[in-house]
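Read off the chains here:
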Amino acid sequence: MADTSPARTWVMRAVFPALALALIFFHLLPLDTVPRRMAPPDLLLAFAFAWCFRRPDFLPVPLLAATFLLADLALQRPPGLQALLALLGCEYIKSRALHLRDTSFAGEWMSAGGAITAVFLVQRLLLGLAGVPQAQLSLTVSALLLTILAYPLAVAASQSLLRVRRLTSAEAEAMGDRL
Amino acid sequence: MARDRSHRDDYTGPLKRLLTGIACLLLASVFIVWRIDSPRVERFRAQVLDRIVPNMDWAMAPVTGAANLVRDFQSYQRLAEQNRELRSELRQMQAWKEAALQLEQENARLLDLNNVRLDPKLTYVTGVVMADSGSPFRQSVLLNVGARDGIRDGWAAMDGLGLVGRISGTGKSTARVLLLTDAASAVPAVIQPSQQTALIKGDNTGAPLIDFLENRDMVRPGDRVLTSGDGEVFPAGLLIGQVAEDPQGRLRVRLSADYERLEFLRILRHHGNETVRDPGALVVPAPGATWPRPRPEGLTEAGDG
């Protein structure tokens, strides 16, 4: 049973930025200063999408925008661009979440994978149009594939450790306005 | 129930959409401003990180230490093999050390004979690496010294052996070093012994490319690559690495600095090379100067006495 109390909602609204900070922290550890062939998955994106499918009310738009912008700034990405695309992806998934409430995980994974692909490819396209020098395509592709593969892990971690579960229809009705 | 939901959409829906629109607009404008006026936004980014990262330092240092410990532990497994390698390397090194000592003495003697004064301006500040760029697409590290310690943009960062990169972005107590391997890095260099000038351009791989080489035939793998001091970015003569050829036949630099373990970096204080701009008043009179020139006052007294 998912907890629908307002207190829990506010706690989880604080947990998401904390999770983002922890992910940024591990990215920033000066462990590999040698360029790598592979790029690691963007776990923040996977977590955000997994949460948006389950509990859109945990991730209001300002919170998402601020968190993604901070990640952009901290991880030396062009500020604002990936944040914008990730925010749009999250809003798309929130709108899908209402329809997909009772479908299987495969369907959810497909939608999330599509959104992740769109975020990475549109970002690359826009950077190209803006004339920003970019890294090799192989890095983007590996980050994209690994993020899609990491999505079920993000879902499992969210469900088991953080207890972010999908609402049943009855609970959704009970939540009413707050959803 | 259904009526209830549609009723709810009536007023929260547009509001949420408005909020989303405003957030998107803000993020897009941040990106556009960054594209137009990159230095200002990068300065802002440096200030944000200057606030955040030093606060994380208490946690970062032990975690990094622990991870390195695990790595060291893994390397214990091939300890015997390493020992053998090290011993043979040590024998070679002793021979080199003897040669180096003799050369050092000879060098000192020659410098003394020639009255050469070594450049006293090349002092350095040492900083500790706090964080890396956090992204596989950018190659940079964050140091724990910043504007407070007099660090300025453009100064060279070296480890004990070779050039590592340049300062690009300083906060109050942090400074970012753009590594030579970053795609945005380009350093004018000279290749010894053929004296060919080239540009060392990073491309997100371990060995940066050698670009704009005048005459490729005169450069062989194993040649030394030094900074040339062109463009007044770096002081001349800092060791970068050795020329190597990759399987595609392109020339690259095998970097001398140990990029596996960037821990302490030296930031060389560099206040620009002095260049000769005027033609020299002795040879050609300065434009508008009276001729003959008046005798300097200091000299008249000395002459009288």
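Given the structure is predicted, the values throughout are model-derived calculations rather than measurements.

K.L.:
Give a detailed account of the interface of chain B and chain A, specifying residues and quantitative values.
P.N.:
At the junction of the two partners, chain B supplies 47 residues and chain A supplies 38 residues. Grouping the amino acids of the side of chain B that touches chain A by side-chain chemistry returns 29 nonpolar, twelve polar and six charged.

K.L.:
Before we move on, can you summarise the pairing of strand E7 (residues 196-201) of chain B with the specific residues and values?
P.N.:
All names here are of chain B. Residues of E7 alternate between two faces, with Gln196, Ala198 and Ile200 buried on one and Thr197, Leu199 and Lys201 left unburied on the opposite face. Here strand E6 (residues 186-192) folds back onto E7 in antiparallel fashion, the turn holding three residues, of which Gln195 has a positive phi close to 65 degrees. When E7 meets strand E8 (residues 209-211), the two strands line up antiparallel, connected through three bridges. Bridge pairing links Leu199 to Asp211 in E8.

K.L.:
How would you summarise the nonpolar core if you had to cite specific residues and measurements?
P.N.:
Among the nonpolar cores identified, the biggest contains 98 residues, and Ala48(A), Phe49(A), Leu87(A), Val164(B) and Val177(B) are the most heavily contacted of them. Looking at this core element by element, the count peaks at eleven residues for helix H2 (residues 43-54) of chain A. Residue assignment places this core across two domains, with domain 1 (12-75) and domain 3 (123-268) of chain B each supplying three or more. The residues touching Val164(B), leaving out its near neighbours within four places in the chain, are Ala157(B), Met158(B), Asp159(B), Val177(B), Leu179(B), Leu180(B), Ala257(B), Leu262(B) and Leu265(B).

K.L.:
Any details on the sheet that holds strand E12 (residues 264-268) of chain B? Residues and values, ideally.
P.N.:
Residues and elements named next belong to chain B. A barrel is described by the order of its strands in space; here six strands give the closed sequence E1-E2-E5-E4-E3-E12, paired in antiparallel fashion. Between one strand axis and the next, the sheet turns through 45 degrees on average, direction left out of account. Pairing of strand E1 (residues 124-132) with strand E2 (residues 140-143) involves three bridges; the strand directions are antiparallel. Paired with Asp132 across the bridge in E2 is Val141. Of the strands in this sheet, E1, E2, strand E4 (163-170) and strand E5 (175-179) touch helix H2 (residues 38-76), which is tilted by about 80 degrees from E1.

K.L.:
Could you give an account of the confidence of the model for chain B, naming the residues involved and the relevant values?
P.N.:
All names here are of chain B. Summary statistics for chain B give a mean pLDDT of 82 and a share of 83% for residues scoring 70 or more. Segment residues 1-9 is flagged for pLDDT under 50; beyond a separation of four residues in sequence, or across chains, it makes two contacts in the model. Interface confidence for the predicted complex, given as ipTM, is 0.86, next to a pTM of 0.74.

K.L.:
Before we move on, could you go through the domain arrangement of chain B and cite the residues and values that matter?
P.N.:
For chain B, the assigned domains read domain 1 (12-75), domain 2 (82-118) and domain 3 (123-268). Averaged C-alpha coordinates put domain 2 of chain B and domain 3 of chain B at centres separated by 25 Å.

Analysis parameters
Residues numbered from 1 in each chain as written. Chains lettered and ligands numbered in written order. Predicted model: local features only at pLDDT ≥ 70, side-chain atom pairs only at ≥ 80, totals over all residues. Contact = placed C-beta atoms within 7 Å. Nonpolar A, V, L, I, M, F, W, Y, C, P; charged D, E, K, R; others polar. Buried ≥ 20, exposed ≤ 12 C-beta atoms within 10 Å, placed from the backbone. Helix = DSSP H or I, 4+ residues; strand = E, 2+ residues; numbered from the N terminus. Pairing = 2+ DSSP bridges. Core = buried A, V, L, I, M, F, W, Y, C linked by C-beta atoms within 7 Å. Domains from an automatic or database assignment. Axes fitted to C-alpha atoms, helices over the stretch in contact; angles between N-to-C directions. pLDDT = per-residue confidence, 0-100.

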